[in-house]
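# Breakdown of the fold
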Amino acid sequence: MSLTTEVPAGEAYAAGIPDTDEPYGLFEAWFAEAAAREPNDPNAMCLATCSPDGWPSARMVLLKGRDDRGFVFYTNEHSRKGGELLANPRAALCFHWKSMRRQIRIEGEVERVTAGESDAYFASRSRGSRISAVSSDQSRPLASRAEFERRVAETEARYPGEDVPRPPHWGGFRLLPRMVEFWQDMPYRMHDRLVFERAGEGWTTGRLFP
Ligand SMILES: Cc1cc2nc3c(=O)[nH]c(=O)nc-3n(C[C@H](O)[C@H](O)[C@H](O)COP(=O)(O)O)c2cc1C
């Protein structure tokens, strides 16, 4: 069964989302299409977190891994999002691929990935991005751009070789989905929405009014 249909450029889909009994195959099919079509960052997703006293916040992050456990992104745990995730480990993700007029929403609990996974991902990044991560107190006040550039120069001098160690507070989080919803634009706002909810080891599925 084909899980996807060719997208007519600049037009809405004629056909709806195919029925399927689990979300990951469809996610991979849509993600592959986005990777082929989007001009940049097909893996960009909005991450919504919530403070323990109920204030939501949202920002973009990049999806860096997905398997049957969940969706992985990397960040600084001392950032606003990091603090919120550690205090209230529930989050929502939202992909929107404009050229394809598609959205995927994902909600669930969040856990840290292992130190080994974070080490491996950090080591795969460019030297410049590792230097930047070491130098940035992400989400803390910065007096001037020059202060950050000075910190970057100091970090470069401290680690002249390839080895730039991962800061202990820089790492990955994995969102374990309990809800995944696929949304596809259809003519006259008669959009198609297919939702999956975790039920034990499997999923229940159904459609929602647009
Ligand atoms: C397309 C895009 C992708 C981004 N990816 C990441 C990311 O993967 N990790 C990250 O820490 N910040 C990423 N950022 C920056 C965040 O949106 C945000 O500015 C930063 O993490 C601080 O957020 P916070 O103060 O809510 O913690 C990205 C920004 C954009 C626009």
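Residues numbered from 1 in each chain as written. Predicted model: local features only at pLDDT ≥ 70, side-chain atom pairs only at ≥ 80, totals over all residues.

Here the UniProt-annotated "domain: Pyridoxamine 5'-phosphate oxidase N-terminal" (unreviewed entry) positions come out as residues 33–157. Overall, residues 33–157 shows 36% helix and 33% strand. The separation of its end C-alpha atoms is 42 Å. (UniProt positions renumbered as here; feature names shortened; annotations may be inferred. Helix = DSSP H or I, 4+ residues; strand = E, 2+ residues; numbered from the N terminus.)

A word on helix α4 (residues 127–135). Within α4 the residues assigned to the buried category are Arg130, Ile131, Ala133 and Val134. Along the axis of α4, the buried residues cluster in a sector spanning 160 degrees; they form a single face. Turned more than 90 degrees from where α4 packs its buried face, Gly128 and Ser129 sit exposed. (Buried ≥ 20, exposed ≤ 12 C-beta atoms within 10 Å, placed from the backbone. Arc of directions from axis to C-beta.)

Here we come to the site of the ligand. What surrounds the ligand is a group of 16 residues, the closest being Thr75, Ser79, Arg80, Lys81 and Ser139. Contributions of two or more residues to the shell around the ligand are made by β2 (56–62), β4 (71–76) and α2 (80–87). Residue contributions to the shell around the ligand peak at 5 residues, all from β2. Residues that form the shell around the ligand fall into these classes: 6 nonpolar, 6 polar and 4 charged. (Near = placed C-beta within 6 Å. Nonpolar A, V, L, I, M, F, W, Y, C, P; charged D, E, K, R; others polar.)

Another aspect to go through is unusual backbone geometry. Most peptide bonds take the trans configuration, and most residues that are not glycine carry a negative phi. Look at Ser139: it is not a glycine, yet its phi comes out positive at around 80 degrees. Note that Ser139 resides in the loop between α4 and α5 (145–158). Phi angles above zero are rare outside glycine, and Tyr188 is one such case at about 60 degrees.

A few words on the nonpolar core. Of all hydrophobic cores here, the largest spans 25 residues; its most connected members are Ala91, Leu93, Ile104, Ile106, Phe173, Leu175 and Phe182. The greatest single-element share of this core, amounting to 5 residues, is contributed by strand β7 (residues 170–184). Those residues in contact with Ile104, other than ones at most four positions away along the chain, are Phe27, Trp30, Phe95, Val180, Glu181 and Phe182. Counting 6 residues, the second largest nonpolar core, distinct from the first, contains Phe122, Ile131, Ala133 and Trp170. (Core = buried A, V, L, I, M, F, W, Y, C linked by C-beta atoms within 7 Å. Contact = placed C-beta atoms within 7 Å.)

This part takes up the pairing of strand β1 (residues 44–50). Two faces, one strand: in a regular strand the side chains alternate between the faces of the sheet. Residues Met45, Leu47 and Thr49 of β1 are buried on one face, while the alternating residues Ala44, Cys46, Ala48 and Cys50, pointing to the opposite face, are not. Summarising the sheet, β1 and β2 pair through 7 bridges and their orientation is antiparallel. Following the sheet pairing, Cys50 is matched in β2 by Pro56. Between β1 and β2, which pair antiparallel and follow one another directly, the connecting turn spans 5 residues, one of which, Gly54, has a positive phi of 95 degrees. As paired elements, β1 and strand β5 (residues 90–97) share 3 bridges and run antiparallel to each other. By the bridge assignment, Cys46 is partnered in β5 with Cys94. (Pairing = 2+ DSSP bridges.)

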